[in-house]
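Chains, contacts and geometry: an overview
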Amino acid sequence: MITSSIANATVTTQANIYFDGKCVSHGITLADGTKKSVGVVLPATLTFNTGAPEVMECVAGSCEYKLSGTETWIRSQAGDQFSVPGNSSFQVRVTEAYHYICHFG
């Protein structure tokens with residue numbers, strides 16, 4: 001199931017811009033304090049570092065991802081999710097815009 005909206009949330013209007021504009025996201029805080037971000041990754045191959053564990057949910061487009069310590073690229077498309085451990089990293093390879101929700105924690 002694809003998340004189409006997030007109710008009862010505060011959105012940070014200042015965008016987070018990474019990798020020379022290849023990734024743009026906005027932070028969201030839910031009423032219970034849960035943090036998420038929503039964004040888009042444009043065509044590129046990028047490496048992201050994690051502090052806390054993350055679940056990446058694809059809401060449109062697609063990417064291939066590779067978790068730290070692995071050699072296999074795995075495809076993620078609309079409706080798919082993948083988990084990334086805390087204090088780790090992952091690579092994404094994007095050929096079309098990848099729209100995502102990052103669920104922290």
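The coordinates are above.
Here's a quick rundown of the structure. (Residues numbered from 1 in each chain as written. Predicted model: local features only at pLDDT ≥ 70, side-chain atom pairs only at ≥ 80, totals over all residues. Heavy atoms only, no water.)

**A short note on the sheet that holds strand β10 (residues 89–94)**
- Read from one edge of the open sheet, four strands run β5-β10-β7-β8, paired in antiparallel fashion. The open sheet terminates on both sides in strands that have one partner only, identified here as β5 (44–49) and β8 (74–77). Put simply, the sheet's adjacent strands are angled 30° from each other on average, direction ignored.
- Summarising the sheet, strand β7 (residues 62–67) and β8 pair through four bridges and their orientation is antiparallel. Opposite C63, over in β8, you have S76 as the bridge partner. (Pairing = 2+ DSSP bridges. Helix = DSSP H or I, 4+ residues; strand = E, 2+ residues; numbered from the N terminus. Axes fitted to C-alpha atoms, helices over the stretch in contact; angles between N-to-C directions.)

**A closer look at the nonpolar core**
- The biggest cluster of nonpolar side chains holds 17 residues, and the ones touching the most others in it are V41, F82, V92 and Y98.
- The set of elements that each furnish at least two residues to this core consists of β5, β6 (54–60), β7, β9 (81–84), β10 and β11 (98–104).
- Contacts of V92, omitting those with residues within four sequence positions, involve V41, A44, T45, L46, F48, C63, E64, Y65 and W73. (Core = buried A, V, L, I, M, F, W, Y, C linked by side-chain atoms within 4.5 Å. Buried < 20%, exposed > 50% of the residue type's maximum accessible area, 1.4 Å probe, protein only. Contact = heavy atoms within 4.5 Å.)

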